[in-house]
Structure formats: structure tokens, C-alpha cells
Amino acid sequence: MKKKYDIIIVGAGHAGCEAAYASSMLGSNVLLITSNMETIAKMSCNPAMGGVAKGQLIREIDAIGGMSGIITDSASIQFRMLNLSKGPAMWSPRSQCDRMKFSWNWRLALEKCTNLDFWQDNVIGFSIVDNSFYVKTTLGLSFEGKSLILTTGTFLNGIIHIGNVKIGGGRASESSSKGITECLSSFGFIYGRMKTGTPPRVDGRTINYSILEEQKGDDGYSGFSFWSKNKPLINKSSCFITYTNEDVHSIIESGFKESPLFNGSIRGIGPRYCPSIEDKVNRFADKNRHQIFIEPEGEDTIEVYINGFSSSLPENIQYKALKKIKGFENVKMFRPGYAIEYDYFDPTQLFASLETKLIPNLYFAGQINGTTGYEEAACQGLIAGINAHNKINNKNPLILSRQDAYIGVLIDDLVNKGTNEPYRMFTSRAEFRILLRQDNADQRLCKIGRDIGLLSQEKYEIYKNKLKRIEELIWFVNKEKPDLATLNDFLQKLNSNKLTEKTTIYRILSRPEVSFNSFINNFEGYKDYFKNFEKDEIEEAEIMIKYSKYIEKERELAEKIISLDYIPIKEGTDFSKINSLSSESREKLNKIKPATIGQASRISGVSPADVSVLLVHFGR
């Protein structure tokens, strides 16, 4: 065993796996330390990847050269594109996964990284000597690294709550991590407590699916990864929908006095947008039902995940309440839901590279930064892995802006605004979501992935060929003019205004009521040409045509705003000496130490007037 590495990563969840893959593939010698080799990339909560805005994050990881999209597709049992009734900026891919295959396939992918070593052990702290990190474990070992990435998830001093029962742990049946919080605190880092939770799992054989609403997958999609073309995913399983009712709510209310959420046992703040069932019943007392999604845990297992029923109530209360849900009258429970409290560190203590401000070459990624969700963790791990490698090789960090990617929005929010509750990504957090669509993540980020060396040349050529084909398709429809009589017959069927003279297909497709597929299906003469293009190529061309004016307008606005990010703030500036700034602004600026005027403008408490003062102060 080696004892000296370029990069040491503590934790093998979604953040740790992306960090390990990225940094080792870029050429660093990496050690991944995990408390359990059997739970690498374990889906601790729901067996799904993606969703609103989260799907965009996975697409962006894939475009840069990460693995989450590829692994998701390899374990997918159902794929859906959410929000298709809304505009394309809101479309979000989501995949139901086989939990065990997902974890196993991630491990196999990591084992193929020749620069990556594994060690099963618990880390209890670290010391720094001559700019090197010495990571200490419970077995008494010490590993040396030039850089250290902490991706500890919910394990830092984790406590599991089930009713009045408290169990030390970072996940069910897995011990919590002791010592790291205390070590970081001794260096001056500020930390707090957060809470998350998970629902019970049940025996799918005991659910009466015949009386429930079935939710099937969408056909014709090739999945998350841009590199899985011509391989449409097969939807192997359905999800189902049911609802709680007043009887369920009454049973849940009877357990409030034993609920750690209400009796003061839990001090950590839980996720606002994914509350426990007891929290929903309490906060929304006027509602007589809440939606429940029944999700399979895998292709072959009978175990089922009850999405929407996260709970820390006593297990007997959980079970009684479940049996009152439609379709669950004879249900058997495999394991109860639980809440978990854990330590996190204020992310304003980080640079946008995810390197800590207090200690050079120390990086945080994932739930240690106050985020929630696999996707949010994975994208941070990717960025931390890339930047740890770049830093020790004297290369510039990869900093994605809010105009580049949802990843940029997430990290910018964290390091500038911080968070006092579990941070979840939404499309509404992005100012430029027409630019940051799930379909064009490759156009936004593939060149970046290739330039840093993570995206292979083979994949980059696939991207360039796709882009060339989309450009060819748009060129063709911009010059081709269909027969006027046939065109008017087609428009009449759609209740669309007729034309008096011939026009291009491009102009016709610009009409909101005209879709590319409806045009193709009604014009036999063009079918042979269009069948040479993939579904996603036609879809992306149509978006670019229909929304061209909106896209251009948003791009112009983004360029104006991003100009502030090119105006640097002198390192070591003491903002307390700039008297024209508000007192709140001086306090926030000294705490966060922004690198640019743009970054300063996004700090909560810094007003437009303060930004004007900064522009004058720095000579602009």
C-alpha cells in the first residue's frame, strides 16, 4: 500500500465518486477512503436520479466528462421527461434506477481508474505539516496527500431518529463519523446542524396495484448521457400514485408527542421542499390528502420506496398510518423511515473553486456544504476533483458562471449567500434558464470538458458531429419552401392562419401551434430527409427555431451582467475602510471576500448602490 498521494478523498457517496473519477482520470494519484466498500455511491434515499433542475445538473456533469449520467443510464428501469407541458427551459429528465445496479456499476467504473486506490476505514481527523495533509484513521494509519477533499455526506456526528429512539449513525446500520468536525473546528471553521430523512420501505407483493394510478415511463429517449445515442432506454417498470387521507392524518397526529421533530429532540433544520409526512400534516392542516409516489427499488427486488412519506415517527405509528392508505391495506413494512441529523459547514467559507478559504488545498463537496440531493452532491464532487487536480498542477481552477451552467448557479449561491437549510436546486434559481436547458448542456460545456482533459476526444467528436447535423437541419428548413396548397391544408387542420405566398419551413415552425413532428407526419416528400436525424437533434433544432428571439435576448442580458465578473477586487481589500458602503455590506464583504464585482453584487445584503461604490473605488 502506498501512503502518499496527490489527492485524498474522504467519503464515497455521489460527491466522492465524481471527485475520485475526475481527479484520477486527469492524472492525479488518488486515494478514496470510505467506511464501507459495499456502499460506494449508495442511493441512501430514493432510487432515482434527476428531476426538475436536478436532471439539468446530471446532463451538465455528463457534458464535462463525469460519470453520473452514464451510470444512471446503465441502471435505469424507467425514464421520464418532466414538464413537457411547459416551455423547454423547464423540461427535466428523471430516471428511476435499480438501486443495487447503480452502486455496483459506479464501483466497477472507479475500479477501472488505474490511478485510483481504495481504503476501507473511518477518518478521525487530519494534520498539516509542510503544506501536506496527514489523514488519520481509526486503525491508526496515516496517509499523506497534497490535497484533501471532504465529501462526508450525512455522517459527521450523525444521529438517526425513530420516535424516541436515537442511534448514532450516518445511515441505517452504518456508524457515524467522529472527529472530523472537531478537527475542522480547531482550525476555525464554523459549522451547524441540518436534518434530512427517508421514508419506510415496504413489500411490493402486499400492495394492491390494481386500484392505483399507474405512471409509465416515456418511450423513445436514450437517457441522460449524450454518449448513449441510438440506444433507446427500455422502460422496465412503472411507478404508481396514491394519496394519504384523513384517517392517515389522524394516526400521524396521534404520534406527534413522540415525534422528535416536535418534542425538541431534533435541532437541525430540515429540507423546506421535501418535508416529512408529519411536518406536512402539521403545517398543512387544511389539506385532507397528500400525494404518495410508489417507486420500485430495482428491476428484480420486491422492495418498494414510498416517496412522500418520509418520517421519524415511531415505527408502529408509521405502520398503522401506511395501512390506511389506498392500496396499502395489507402492506408489510421492511424497514421504517427515519430522520438523520448531521454537521455541515457554512459554504461561505469556500472559494468558488470549492477550496476552503482557511486552508489551501482543502476542498468540501456535497452535504458538508449544506446541500441536499445526489445531483447537487455529484456536481460539487466533479468540480472539487477537477480543481484539486488543477491546483496541485499549477493550473487555473474551473469556475462555471451562472450563465454557463446550473452547476455555476448552485456553487455561486452557496459561496456567496450561504444556506441555513438544506439547499436544493430549482429552475427558478437560475436567471437565464432559457440558456441553461437540459438539451443544450453539451453545447455549453463539452468544449470546457475537452479543454481540461476530462472529456475524451472520441466523445468530443460525437458532440461536434451532432452540432453539425443540427446546423444542417436548421439550414435546410430555413431555405426549403413547401407547396403552398399542401401547406395551407396542413395549417387549416391546426386552426392556424393560412398563407398567401410560399414561405420557409423555418417560418412555419416558428408558429407555436406547429411542431416538427406534426410537419414531418403531414409532408411525405420530406420524410426521407428528416428520418436521417435523431430524435434529440430534431428536438433541439425545433427549440432553437421557436425560441430564437428569446434565446438571443437572454444571451445579450447575460453578457451585460457577466461583465461585472471580469472586474477584479484587489485581494486583501479591507471593506470596512470604504466608508461609502453600508455597514451591512462592509460586514458581508469582509466575511465572504469576493474576488470580483460580479460576485460581490450577488451577496445578500450588498445593494446596487454598494455595487456602484465598489465600481468607483476600483476605478470603473
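What you see as residue numbers is a count from 1 along each chain, following the sequence as written. Given that the model is predicted, a residue must reach a pLDDT of at least 70 before its local features are reported, and side-chain atom pairs must reach 80 or more before they are shown or counted; all residues, however, enter totals for whole chains, interfaces and linings. Excluding hydrogens and water, the side-chain figures rest on all heavy atoms present in the structure.

1. Some words on the overall build of the chain
Reasoning step 1: The numbering of helices and of strands both runs from the N terminus, where a helix is a DSSP run of H or I of at least 4 residues and a strand a run of E of at least 2. Assigned secondary structure in the chain consists of 21 helices and 20 strands.
Reasoning step 2: Relative to the globule expectation of 25 Å for 620 residues, the C-alpha radius of gyration of the chain, 26 Å, shows essentially globular dimensions.
Reasoning step 3: C-alpha atoms of the chain, sized along the principal axes, occupy 80 × 70 × 55 Å.
Reasoning step 4: Only protein chains enter the calculation, and the probe is 1.4 Å; a residue is then buried if its accessible area is under 20% of its type maximum, exposed if over 50%, and partly exposed in between. Per-residue burial over the chain gives 58% buried out of 620 residues.
Reasoning step 5: Long-range pairs, those at least 24 residues apart, make up 72% of the contacts in the chain with a sequence separation of at least 6.
Reasoning step 6: All accessible-area figures derive from a Shrake-Rupley calculation using a 1.4 Å probe, and residue coverage is judged against the displayed protein chains alone. With an accessible surface of roughly 26,400 Å², the chain has 49% of that area assigned to carbon and sulfur atoms. For the radius of gyration, the atom set is restricted to C-alpha positions; the globular benchmark scales as 2.2 Å times the number of residues to the power 0.38. Any two residues whose heavy atoms approach within 4.5 Å at even a single point are treated as in contact.

2. A look at the packing of aromatic side chains
Reasoning step 1: Ring pairs shown here join Phe, Tyr and Trp side chains whose ring centres sit within 6.5 Å, with only the six-membered ring taken for Trp; geometry is labelled stacked below 30 degrees between planes, edge-to-face above 60, and tilted in between. Enumeration over the complete set of coordinates arrives at 28 aromatic pairs.
Reasoning step 2: For the ring pair Phe 79 and Phe 224, a centre distance of 5.8 Å and an interplane angle of 80 degrees mean the geometry is edge-to-face. Taken together, the residues Phe 79 in strand β4 (residues 76-82) and Phe 224 in the loop between β14 (213-215) and β15 (239-243) connect sequence positions 145 residues apart. With respect to burial, Phe 79 and Phe 224 carry one shared label: buried.
Reasoning step 3: An angle of 45 degrees between the planes, with centres 4.6 Å apart, marks the rings of Tyr 209 and Phe 240 as tilted. Residue Tyr 209 is found in the loop between β13 (201-203) and β14, and its partner Phe 240 is found in strand β15; the two are separated by 31 residues along the sequence.
Reasoning step 4: A relative accessible area of 12% places Phe 240 in the buried class.
Reasoning step 5: Chaining the aromatic ring pairs together yields one cluster made of Phe 476, Phe 490, Phe 516, Phe 519, Phe 523, Tyr 526, Tyr 529, Phe 530 and Phe 533.
Reasoning step 6: Consider the ring centre and the ring normal. A charge sits over the ring if Lys NZ or Arg CZ is within 6 Å of that centre and within 35 degrees of that normal. Directly above the ring of Tyr 243 sits Arg 289, whose terminal nitrogen or CZ lies 3.7 Å from the centroid.

3. What to know about the domain arrangement of the chain
Reasoning step 1: Here the chain is described as being made up of domain 1 (4-197 + 342-452), domain 2 (201-337), domain 3 (457-553) and domain 4 (567-618).
Reasoning step 2: Computed over C-alpha atoms, the centres of domain 1 and domain 3 are 40 Å apart.
Reasoning step 3: Summed over both partners, the accessible area (1.4 Å probe) lost when two parts come together is defined as the buried area. Of the roughly 1,300 Å² buried between domain 1 and domain 3 on both sides combined, carbon and sulfur atoms contribute 60%.
Reasoning step 4: Salt bridges are counted wherever a side-chain nitrogen of Lys or Arg sits within 4 Å of a carboxyl oxygen of Asp or Glu. For the interface between domain 1 and domain 3, the tally reads one salt bridge. Each domain span listed reflects an automatic or database assignment of domains.

4. Re the environment of Leu 484
Reasoning step 1: Relative to the elements of secondary structure, Leu 484 occurs in helix α13 (residues 484-493).
Reasoning step 2: With 14 residues separating them in the primary sequence, Leu 484 and Lys 498 have C-alpha atoms 9.3 Å apart.
Reasoning step 3: For Leu 484, the contacting residues outside a window of four places in its chain are Leu 499, Thr 500, Glu 501 and Lys 502.

5. A look at helix α10 (residues 406-417)
Reasoning step 1: Between its terminal C-alpha atoms α10 stretches 16 Å, which fits the 16 Å expected from twelve residues at 1.5 Å a residue.
Reasoning step 2: A large share of α10 lies buried, amounting to eleven of its twelve residues.
Reasoning step 3: Those residues of α10 not exposed but buried are Tyr 406, Ile 407, Gly 408, Val 409, Leu 410, Ile 411, Asp 412, Asp 413, Leu 414, Val 415 and Asn 416.
Reasoning step 4: The inward-facing, buried residues of α10 contact α2 (54-64), α9 (374-392), α19 (583-592) and α20 (597-601).
Reasoning step 5: Just downstream of α10, Gly 418 is the residue with a positive phi angle, here 70 degrees. A helix's residues, less one, multiplied by 1.5 Å, set its expected span.

6. Some words on the side chain of Gln 96
Reasoning step 1: As for its placement among the helices and strands, Gln 96 is situated in strand β5 (residues 92-97).
Reasoning step 2: For Gln 96, a relative accessible area of 1% gives the class buried.
Reasoning step 3: Nitrogen and oxygen atoms within 3.5 Å of one another constitute a polar contact, given that in protein one can donate a hydrogen and the other can accept it, and given that sequence-neighbouring residues count only through two side-chain atoms. A distance of 2.9 Å separates the side chain of Gln 96 from the side chain of Arg 94, its partner in a polar contact.
Reasoning step 4: Dropping the residues within four chain positions of it, Gln 96 is found in contact with Pro 47, Ala 48, Ala 75, Ser 76, Ile 77, Gln 78, Cys 239, Glu 295 and Pro 296.

7. Some details on the pattern of salt bridges
Reasoning step 1: By the definition in use, this model includes 39 salt bridges.
Reasoning step 2: Note that Lys 236 and Glu 299 form a salt bridge whose closest N and O atoms lie 3.5 Å from each other. Within this pair, whereas Lys 236 is found in the loop between β14 and β15, its partner Glu 299 is found in the loop between β16 (291-296) and β17 (303-307), the two being separated by 63 residues in sequence.
Reasoning step 3: The salt bridge partner of Lys 479 is Glu 480, with a shortest N-O separation of 3.5 Å.
Reasoning step 4: Residues joined in a network through salt bridges with shared partners are Arg 402, Asp 412, Asp 413, Lys 417, Glu 431, Asp 565 and Arg 602.

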